[in-house]
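Below, each chain spelled out in residue letters.
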Amino acid sequence: MVHKGSIVILDFGGQYAHLIANRVRRLGAYSEIRVSETPAKELKGAAGIILSGGPQSVYEKGSPTADHGIFELGIPILGLCYGHQWLAHALNGKVSPGKTKEYGHTMIERSGESPIFKGLPQIMTVWMSHGDEVTQLPKGFVAMAKSSVCSVAAMANESRKIYGLQFHIEVTHTEHGMEMLKKFVALCKTTPWKIDSFVDYVGGQIKEEVGKSKKVFMLVSGGVDSTVAFTLLNKVLGPSRVQGMLVDTGLMRKDEVAQIRAAFKKLKIKNLHIEDASDEFFKNLKGATDPEQKRKIIGRTFLDVQQRVSEKMGLTGVKSDPSSGSGLKVKSDEWLLGQGTIYPDTIETGGSRHADQIKTHHNRVDAVQKMIDAGQVIEPLKELYKDEVRMLGEELGLPKELVWRHPFPGPGLGVRILCTNEVKREKRKVKSDGSISVPHEILPVRSVGVQGDGRTYRHAVALFSRHPCHVTPEHKALATSIPNTNKEINRVLLCTSHDRPVEFTVTPGTVTRERAELLREADAIVSEEMRAADLYGVIWQFPVVLLPFGTKKGGQSIVLRPIVSVDAMTANAYLLEQSVLETITRRILDLKGIDAVFLDLTNKPPGTIEWE
Ligand code: XMP
């Protein structure tokens with residue numbers, strides 16, 4: 001059953017569609033996400049339904065569908081993109097392949113009046129992403145807007161309060177998108193929502209999932225999400241039914257463990273065991289160079305440590321279960337595994353039902369996935385975005401510095417230490433095709449990127465300038481144009497330590513304690529300087545990455561990757577000002593073993609926030 005008065009988002013599988021739930025909540029109304037096929041009888045009590053976008057064609061076999069019974073519920077319905085086409089298809093209109101595909105910014109012109117558009121301009125720029133289009137309106141509907149290639153960009157049946165929009169109102173690129181959503185929400189009899197009612201609701205959900213006797217064992221990573229989830233579980237279930245463990249992987253930020261210890265002491269939370277397992281992590285990572293393999297090793301080592309230590313701590317109910325075949329052995333009837341997974345983590349791994357896989361998230365390694373399928377995992381924050389988690393954390397009494405700390409990936413510095421053991425292959429020079437007009441060097445490492453819904457694994461190019469710490473509009477423009485035109489490249493950097501191209505030498509290296517120590521120091525310098533320049537709160541995340549090459553044999557390089565983002569799905573490179581860049585570069589070059597520094601200028605897409 002759905003929460004009474006909620007706006008239910010039926011998920012047809014589009015990546016962005018899930019932003020809708022977040023946006024509805026921002027408007028102060030309760031909202032929930034359900035799979036598209038959810039039977040209409042389970043949606044009774046909902047205030048309205050929004051049908052999300054999705055990557056398929058409604059006339060394709062096996063494409064996602066919804067129960068036609070939703071039309072009998074008598075509540076307002078809004079279809080977006082695929083949802084709009086599905087409405088037309090389901091109500092006996094017609095959807096056909098469009099002659100021209102529309103992607104990106106598009107102008108629409110409205111006609112007629114509708115509460116959804118009341119007071120908005122006649123001509124608006126919206127965000128489109130579609131190949132198919134509605135070519136025949138269902139009975140009782142009128143067209144409300146058109147674009148140059150699409151005659152039904154919006155349609156409405158006012159008496160039944162059913163609306164279809166070909167564009168995405170949930171993304172910021174659509175002018176007045178939030179206002180249209182607000183006007184739809186206003187048509188629905190919603191239950192008010194705010195973060196403290198979420199504490200109560202999630203509390204209820206946790207109690208329901210955990211039952212009266214089960215306990216939750218939770219790995220706390222030191223990051224915001226798992227710290228908030230653990231604190232919430234403590235509040236809801238009480239300390240006797242929760243046990244936390246913080247595994248010090250050796251891949252954490254400087255002083256991270258001490259900060260957590262102090263925060264919990266203040267909250268009088270005593271059920272967190274801290275285990276230094278750094279030797280084991282470095283041992284297991286020995287020789288590993290492939291990013292996905294490293295993530296999997298880190299994920300599995302986490303689980304092994306958890307298993308071993310929990311047995312040693314004498315937690316009843318956590319026993320060997322050879323049948324799990326994963327190395328993870330939790331007896332399901334007494335303990336659940338708690339995880340701090342938040343919404344973007346699940347979608348980027350293809351956790352959302354129809355979304356394509358982009359990257360393996362360590363919360364979703366096979367062993368954990370098996371446990372999720374077996375109902376042994378609880379993820380209380382799985383429908384929340386980062387800023388919502390932070391508000392929740394503050395409300396729970398966690399200190400501001402901790403709650404507003406930049407997000408940090410679960411595998412920690414492990415995915416920020418680039419590795420190679422193949423000097424020869426990486427030394428092979430990639431040729432620039434002559435289209436790059438400024439001095440540059442294609443670097444001897446590759447990094448992960450994302451284009452469309454697919455992954456890329458390509459080289460980065462470094463630009464050089466006579467004023468190395470001065471980012472110009474030309475640099476910024478090249479950061480967009482180079483990956484668009486050069487298929488070997490997905491990242492553009494500015495070298496802040498050198499004013500002309502240099503010959504770089506690869507030094508084979510994997511994830512070792514020494515390299516982690518070096519990166520930790522560089523990362524601490526960056527955080528310190530960001531706070532000193534009052535930029536820590538402006539920048540959303542600032543990965544600092546260690547690369548296995550330098551200007552001398554044995555030398556290494558550092559990449560600065562400051563970005564601004566709303567929810568990590570897309571991000572813009574933050575252009576640091578010259579004086580700040582100069583200070584950071586100088587201080588990092590003082591670290592023994594670092595002889596080059598770069599600033600990453602690439603947006604996401606085509607680069608991801610992390611380098612692996
Ligand atoms: P990308 O690099 O995909 O990152 O643009 C998006 C956000 O996710 C974080 N991230 C991870 N978090 N385990 C995590 O817990 C991971 O394996 C992982 N990989 C990326 C990243 O820091 C950014 O905030």
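These numbers come from a predicted model, not from an experiment.

Draft legend 1. Fine view of the overall build of the protein chain. A tally of helices and strands in the protein chain yields 16 helices and 24 strands. For the protein chain, the computed accessible surface area is about 25,100 Å², with 51% contributed by carbon and sulfur atoms.

Draft legend 2. Examining the confidence of the model for the protein chain more closely. Of all residues in the protein chain, 89% attain a pLDDT of 70 or more, and the chain-wide mean is 87. Here residues 318–329 is modelled with pLDDT under 50, and outside its nearest four sequence neighbours on either side it reaches 23 contacts, counting other chains as well. The low-confidence segment residues 349–360 (pLDDT under 50) makes 45 contacts with residues lying over four places distant or belonging to another chain.

Draft legend 3. Summary view of empty space enclosed by the protein. Applying the stated rule across the entire model yields two cavities of 30 Å³ or more. Reported here for the second largest cavity is a volume of approximately 90 Å³. Taken together, 14 residues form the lining of the second largest cavity, with Ser221, Met252, Phe302, Pro409 and Gly410 sitting closest to its centre.

Draft legend 4. Here's a closer look at the side chain of asparagine 22. Inspection of the secondary structure assignment puts asparagine 22 in helix H1 (residues 19–26). In this structure the side chain of asparagine 22 is engaged in a polar contact, spanning 3.2 Å, whose partner is the side chain of glutamate 388. Discounting chain neighbours no more than four positions away, the residues touching asparagine 22 are Tyr385 and Glu388.

Draft legend 5. Main features of the packing of aromatic side chains. All told, the structure shown has nine aromatic pairs when counted by the stated rule. Ring geometry for phenylalanine 12 against tryptophan 86: centres 6.0 Å apart, planes inclined by 45°, an arrangement best described as tilted. Residue phenylalanine 12 is located in the loop between strand S1 (7–11) and H1, and its partner tryptophan 86 is located in helix H2 (residues 82–90); the two are separated by 74 residues in the primary sequence. Between phenylalanine 230 and phenylalanine 264, the aromatic rings sit 5.4 Å apart at their centres with planes inclined by 65°, giving edge-to-face as the arrangement. Pair noted here: phenylalanine 230 is in helix H5 (residues 224–237) and phenylalanine 264 is in helix H6 (residues 256–266), with a separation of 34 residues, a long-range link. Accessibility expressed as a relative area gives 0% for phenylalanine 230, which makes it buried. A relative accessible area of 2% means that phenylalanine 264 is categorised as buried. The rings of Phe12, Phe71, Tyr82 and Trp86 are connected pair by pair, giving a single aromatic cluster.

Draft legend 6. Region of interest: helix H15 (residues 513–532). When the terminal C-alpha atoms of H15 are compared, their 28 Å separation across 20 residues agrees well with the 28 Å that a helix rising 1.5 Å per residue should span. Downstream of H15 by one or two residues, aspartate 534 has phi in the positive range, about 60°.

Draft legend 7. Structural view of the sheet that holds strand S8 (residues 154–157). Taking strand neighbours across the sheet as the criterion, the nine strands line up as S2-S1-S3-S4-S9-S8-S7-S5-S6 in an open arrangement whose pairing is mixed. Strand pairing shows two members of the sheet lacking a second neighbour, strand S2 (31–35) and strand S6 (123–136), which therefore form its edges. Neighbour to neighbour, the strand axes of the sheet diverge by 20° on average, direction disregarded. Against the sheet, H2 contacts strand S3 (48–51), strand S4 (77–80), strand S5 (94–110), S6, S8 and strand S9 (162–165), and its axis sits at roughly 115° relative to S4.

Draft legend 8. Examining the environment of tyrosine 30 more closely. If you trace the backbone, tyrosine 30 turns up in the loop between H1 and S2. Residues tyrosine 30 and histidine 3, 27 residues apart in the sequence, show an inter-C-alpha distance of 8.1 Å. Sequence-distant contacts of tyrosine 30, defined by excluding residues within four places in its chain, comprise His3, Gly5, Ser6, Ile7, Val24, Thr191, Pro192, Trp193 and Tyr201.

Draft legend 9. Quick look at the pattern of salt bridges. The full count for this structure, using the stated rule, is 19 salt bridges. Aspartate 600 is the partner of arginine 491 in a salt bridge, and the nearest nitrogen-oxygen pair spans 2.9 Å. Of this pair, arginine 491 sits in strand S17 (residues 489–495) while aspartate 600 sits in strand S24 (residues 594–600), and the two are 109 residues apart along the sequence. Since its relative accessible area comes to 0%, arginine 491 is described here as buried. Note on aspartate 600: relative accessible area 0%, which makes it buried. A single network of salt bridges, built from pairs that share partners, joins Arg253, Glu256 and Arg405.

Draft legend 10. Quick peek at the sheet that holds strand S12 (residues 272–276). What the five strands build is an open sheet, ordered S12-S11-S10-S13-S14; its pairing is parallel. Where the open sheet ends on each side, the last strands, each with one partner, are S12 and strand S14 (377–378).

Draft legend 11. Representation of the environment of tryptophan 540. The residue tryptophan 540 is located in the loop between H15 and strand S19 (544–547) in this model. Considered as a pair, tryptophan 540 and tyrosine 574 are 34 residues apart in the sequence and their alpha carbons are 9.2 Å apart.

What counts, and at which threshold
- Residues numbered from 1 in each chain as written.
- Predicted model: local features only at pLDDT ≥ 70, side-chain atom pairs only at ≥ 80, totals over all residues.
- Heavy atoms only, no water.
- Helix = DSSP H or I, 4+ residues; strand = E, 2+ residues; numbered from the N terminus.
- Areas by Shrake-Rupley, 256 points an atom, 1.4 Å probe, with all protein chains shown as cover.
- pLDDT = per-residue confidence, 0-100.
- Contact = heavy atoms within 4.5 Å.
- 1 Å grid on protein atoms, 1.4 Å probe; cavity = no way out; pocket = protein on both sides within 12 Å on 5 of 7 lines; lining within 4 Å.
- Points joined across faces, edges and corners; volume = space filled by probe spheres on them.
- Polar contact = N/O pair within 3.5 Å; in protein donor to acceptor, adjacent residues only side chain to side chain.
- Phe/Tyr/Trp six-rings, centres within 6.5 Å; stacked < 30°, edge-to-face > 60°.
- Buried < 20%, exposed > 50% of the residue type's maximum accessible area, 1.4 Å probe, protein only.
- Expected span 1.5 Å × (residues − 1).
- Pairing = 2+ DSSP bridges.
- Axes fitted to C-alpha atoms, helices over the stretch in contact; angles between N-to-C directions.
- Salt bridge = Lys/Arg side-chain N within 4 Å of Asp/Glu carboxyl O.

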